[in-house]
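Letter by letter, the chains look like this.
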Amino acid sequence: MQYPKPLSRKTMIKRFEEIGLDEEETRFLHEFCLAASHLYGAVNAKNLWRVYEKLSRKKEVVPLTQDNLNDGLELMRRETLRYYIFEADEVFNGETEDPEKRILVSRDLIGHGTGRLDQLYRLFENTEYVGFYVPATFMDHREDRLGMEEGALVEFLSSLVSESARCMDENGHLCENKNRGKKLSEFSFSMSGVRTMTGAEKDLYGHARGNIARHPFGLEEELREISAARRIVYSLKYETRMGDIPLTDVIQILISELDETLGVRLNDEQYMVVVTLAHEVITRTHLWCKSGWSMKALQTAHFRE
């Protein structure tokens, strides 16, 4: 699969004008797609249009037609963006090119080499369609900022100190802890190789329930620049969004990473704080596996019914 090479900005401006999109409409389309990639992880063009229609009934938005959307998605394949747009036949065998079947995909889901789509397939297998979550604040999701709960967990983790003399490196080998004595806010790290829980069953694509996705994906260099505290919360949020690991196991993986990879020895009080804050993050994270709904939002919707 060869993703199209990007065109120059000057060429792209001209191409968007040719399909009838002015600067404001083009900017809105890009921001709309970015928000969708953050909320849903992956969504096809047909459903993306349904999301746009639902949003337009809740608030005033830049007017677009379905052709504008489909033509724009085709052109955006020639740009370097924070998401990808795949033709259906680039993802699924036996499919043909169809504008409505183009798939908008978060860059978090795309890896390298022959298994570059494994995380995307993993998400598809776990997705439970419950109707797309489309709040009036939809466009706010174009910035994937830390939520209040995530910020609280990052702040607490940042105060913890790496104490163990030895811990796991990114290849899963036990080695000297070079960050011993440092707070988790004072160093960064690479996640270790995929580590499977004992006795875990593998799904259709060979992913063990209880493993944790690592990111030698396109984000790896970027993630290496953030603190260990933020990195581990990022991974907690990622696994929560995917939805194929029981949530108690997701928290246990977080605890294990703190111990084995970061060398943090939690006392009983610290353990309870981490578990409580992690639970808050999990219940308020917008789940890719449930069309953007968080557990909290789903509970509220069911209560209103």
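First things first, this report covers the structure right here in the doc.

A closer look at the overall build of the protein chain
Part 1: Helix and strand counts for the protein chain stand at 12 helices and 5 strands.
Part 2: For the protein chain, buried positions account for 49% of its 305 residues.

Let's talk about the pattern of salt bridges
Part 1: A complete count under the given rule lists 15 salt bridges for this structure.
Part 2: The salt bridge partner of K290 is E128, with a shortest N-O separation of 2.5 Å. Linking K290 in the loop between α11 (268–284) and α12 (295–304) with E128 in the loop between α6 (118–126) and α7 (148–158), this pair joins segments that are 162 residues apart in sequence.
Part 3: Linking E280 and R284 is a salt bridge whose minimum nitrogen-to-oxygen distance equals 3.5 Å. Taken together, the positions of E280 and R284, both in helix α11 and 4 residues apart, correspond to about one turn of that helix.
Part 4: The class of E280 is partly exposed, set by a relative accessible area of 31%.
Part 5: One continuous salt-bridge network, built from bridges that share partners, spans E74, R77, E87, E90 and R102.

Observations concerning the pairing of strand β3 (residues 103–106)
Part 1: Going residue by residue along β3, you find I103 and V105 tucked away on one face and L104 and S106 tucked away on the opposite face as well.
Part 2: Pairing of strand β1 (residues 42–44) with β3 involves 3 bridges; the strand directions are antiparallel. Bridging across to β3, A42 finds its partner in V105.
Part 3: Sheet topology places strand β2 (residues 83–86) next to β3; 4 bridges connect them, and they run antiparallel.

Cut-offs used in this document
Residues numbered from 1 in each chain as written. Predicted model: local features only at pLDDT ≥ 70, side-chain atom pairs only at ≥ 80, totals over all residues. Heavy atoms only, no water. Helix = DSSP H or I, 4+ residues; strand = E, 2+ residues; numbered from the N terminus. Buried < 20%, exposed > 50% of the residue type's maximum accessible area, 1.4 Å probe, protein only. Salt bridge = Lys/Arg side-chain N within 4 Å of Asp/Glu carboxyl O. Pairing = 2+ DSSP bridges.

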